[in-house]
Amino acid sequence: MTDDTHGDGDTGDGRPRLAQLRDVETVYQPAEDSRLLAETATDHGVGSGDLVLDVGTGSGYVAARVREETGARVVGTDISPDACRQASEAGVSVVRANLVAPFRDEQFDIVVCNPPYLPTPPDQEWDDPMERALSGGEDGRAMVDPFLAAVGRVLAPGGQVYLLISTLTGPDAVRETARAAGFETAVVATESQPFERLLVLELTAAA
Ligand SMILES: C[S@@+](CC[C@H](N)C(=O)[O-])C[C@H]1O[C@@H](n2cnc3c(N)ncnc32)[C@H](O)[C@@H]1O
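Residues numbered from 1 in each chain as written. Predicted model: local features only at pLDDT ≥ 70, side-chain atom pairs only at ≥ 80, totals over all residues. Heavy atoms only, no water.

1. Re the overall build of the protein chain
Quick reminder of the rule: Helix and strand definitions here come from DSSP, where helices need a minimum of 4 consecutive H or I residues and strands a minimum of 2 consecutive E residues; each element is numbered from the N-terminal end. The rule is simple: take the accessible area with a 1.4 Å probe, protein chains only, and divide by the maximum for that residue type; under 20% is buried, over 50% is exposed, in between is partly exposed. Note on areas: Shrake-Rupley, 1.4 Å probe, and residue coverage restricted to the protein chains presented here.
Helix and strand content of the protein chain: seven helices and seven strands. Along the protein chain, helices and strands appear, N-terminal first, in the series α-α-β-α-β-α-β-β-α-α-β-α-β-β. Relative to its full complement of 207 residues, the protein chain shows a buried share of 50%. A total of about 9,600 Å² of accessible surface is found on the protein chain, and carbon and sulfur atoms cover 48% of it.

2. So, the site of the ligand
In plain terms, the rule: Think of it this way: one heavy atom of a residue within 4 Å of a molecule or strand is enough to make that residue near it. Each polar contact in these results corresponds to two N or O atoms within 3.5 Å; when the atoms are within protein, one needs to be able to donate a hydrogen and the other to accept it, and residues that are neighboring in sequence are counted only if both atoms are side-chain atoms. Polar here means any residue other than Ala, Val, Leu, Ile, Met, Phe, Trp, Tyr, Cys and Pro, which are nonpolar, and Asp, Glu, Lys and Arg, which are charged; Gly is therefore polar.
Near the ligand, the surroundings consist of 18 residues, among which Ser-34, Gly-56, Asp-78, Asn-98 and Asn-114 are the closest. Leu-99 is positioned such that a nitrogen or oxygen atom in its backbone is 2.9 Å from a nitrogen atom of the ligand. Between Asn-114 and the ligand, the recorded distance is 2.8 Å, taken from a side-chain N or O atom to an oxygen atom. For the ligand, whose free accessible area comes to 600 Å², the fraction covered by protein is 95%. Split into classes, the residues belonging to the shell around the ligand amount to nine nonpolar, seven polar and two charged.

3. As for the side chain of Thr-42
To be explicit about the condition: Here, two residues are considered to be in contact whenever any of their heavy atoms come within 4.5 Å of each other.
Tracing the backbone through its elements, the reader meets Thr-42 in helix H2 (residues 32-44). Within the local environment of Thr-42, its side chain forms a polar contact with the backbone oxygen of Ala-38, the two atoms lying 3.0 Å apart. Those residues in contact with Thr-42 that sit more than four places away from it in its chain are Arg-65, Val-66, Glu-69 and Thr-70.

4. Some details on the packing of aromatic side chains
Convention followed: Pairs were defined over the aromatic rings of Phe, Tyr and Trp, the Trp ring being its six-membered one, requiring ring centres within 6.5 Å. Orientation was assigned from the angle between planes: stacked under 30 degrees, edge-to-face over 60, tilted for the rest.
A complete count under the given rule lists one aromatic pair for this structure. Measuring from centroid to centroid gives 5.4 Å for Phe-103 and Phe-108, while their planes differ by 80 degrees, and the two rings are edge-to-face.

5. Here we look at the confidence of the model for the protein chain
Formally: Every residue carries a pLDDT, the predictor's confidence in it, which falls somewhere between 0 and 100.
When the pLDDT values of the protein chain are averaged, the result is 89; 88% of them are 70 or greater. Between residues 1-22, whose pLDDT stays under 50, and residues either more than four places distant or in other chains, the model counts 34 contacts.

6. A word on the packing of H2 against helix H3 (residues 61-70)
For the record, the criterion: Fitted lines through C-alpha atoms serve as axes, helices being fitted only where they are in contact, and the angles separating the N-to-C directions of these axes extend from 0 to 180 degrees. By definition in this entry, angles of less than 35 degrees are roughly parallel, angles greater than 145 are roughly antiparallel, angles of 65 to 115 are roughly perpendicular, and the rest are oblique. In this scheme the crossing of two helices becomes right-handed for a clockwise turn of the near helix relative to the far one and left-handed for an anticlockwise turn of less than a right angle.
For the pair H2 and H3, interaxial distance at closest approach is 9 Å and the crossing angle is 30 degrees. If you check the angle between H2 and H3, you find them roughly parallel. In this structure, the crossing between H2 and H3 has a hand that is right-handed. Contacts between H2 and H3 involve Ser-34, Arg-35, Leu-37, Ala-38, Glu-39, Ala-41 and Thr-42 from the first element and Tyr-61, Val-62, Arg-65, Val-66, Glu-69 and Thr-70 from the second.

7. Digging into the packing of helix H6 (residues 144-154) against helix H7 (residues 171-180)
Two elements in contact, H6 and H7, have axes whose closest approach is 9 Å; the angle formed by their N-to-C orientations is 25 degrees. On the basis of the axis angle, H6 is roughly parallel to H7. Handedness of the crossing formed by H6 with H7: right-handed. Only Val-174, Thr-177 and Ala-178 of H7 make contact with H6, whose side of the interface consists of Val-144, Asp-145 and Leu-148. In terms of residue class, the contact of H6 with H7 is built from four nonpolar, one polar and one charged.

8. Details of the nonpolar core
Nonpolar side chains in soluble globular proteins tend to end up buried together. The line we're drawing: We call a set of buried residues a nonpolar core when its members are Ala, Val, Leu, Ile, Met, Phe, Trp, Tyr or Cys and they connect through side-chain atoms within 4.5 Å of each other.
In this structure, Val-55, Val-111, Phe-147, Val-161 and Leu-163 are the most contacted members of the largest nonpolar core, which totals 27 residues. Contributions of two or more residues to this core are made by strand E1 (51-55), strand E4 (108-113), H6, strand E5 (155-166), H7 and strand E7 (196-204). Setting aside anything within four residues of it in sequence, one finds Leu-163 in contact with Cys-113, Pro-115, Val-144, Phe-147, Leu-148, Val-174, Leu-199, Val-200, Leu-201 and Leu-203. Of all hydrophobic cores here, the second largest spans 22 residues; its members include Ala-63, Ala-64, Val-66 and Ile-110.

9. Remarks on the pairing of strand E2 (residues 73-78)
Put simply, the test is: Two strands qualify as a pair provided that DSSP identifies no fewer than 2 bridges between them. Here, the term right-handed applies to a crossover whose path from the first strand over the helix to the second runs clockwise when the strands point away from the viewer.
In terms of residue burial, E2 counts as a mostly covered element, since five of its six residues are buried. Across five bridges, the pairing between E1 and E2 is parallel. Note that in E2 the partner of Val-52 across the bridge is Val-74. The β-α-β motif built from E1, the intervening H3 and the parallel element E2 has right-handed crossover chirality. With four bridges connecting them, E2 and strand E3 (residues 93-96) associate as parallel partners. Its bridge partner being in E3, Asp-78 is matched across the sheet by Arg-96. With respect to chirality, the unit in which E2 leads through helix H4 (residues 81-89) into the neighbouring parallel E3 is right-handed.

See the structure below:
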């Protein structure tokens, strides 16, 4: 298993990372979930005067669509250097970060996020950037839970989060965690897929 101790895909001893050995895509490419999130955020909440943060921006697709369709200013952030590079090449302003760590309190009007949300048994985890893009750990909420704990800090009062999840992620548990973090929650979009139903949750911070 590759030891990516730097978090940048370089194993530190000259060995290429697993993804390079496999010659596979290292950045999540836009899919049905990306499109549902972008459309829901533009249709529901984002206005031209808003400052929007796209957490886990990947290729930058959601960030770019929200910016182009609403005129809002949008910043993307991702833990993957490959994703940050690709989003930047797509014209998105990007900050490499874990969740919302570097951003100021109450900085954003809207946060959008399509997290890794698929439940994955430990013995089926693999070790490359696509794992971090897709796997939500055993219950599917390995990134969702820390995101919900952290995102309220960077939201302006009354601000909103648009969070994409799946029926596989445990929507009731996600909404309960969001309520415990101080949000009102509503399901504002759903879409059936062969093995799951995608949902977009609208989480509203106290005004
Ligand atoms: C399902 S992909 C979504 C990509 C893109 N937003 C889209 O909708 O097409 C999830 C993204 O979250 C990123 N990610 C995973 N854990 C993260 C973390 N702790 N902080 C920031 N980004 C993270 C992954 O690198 C990946 O690009």
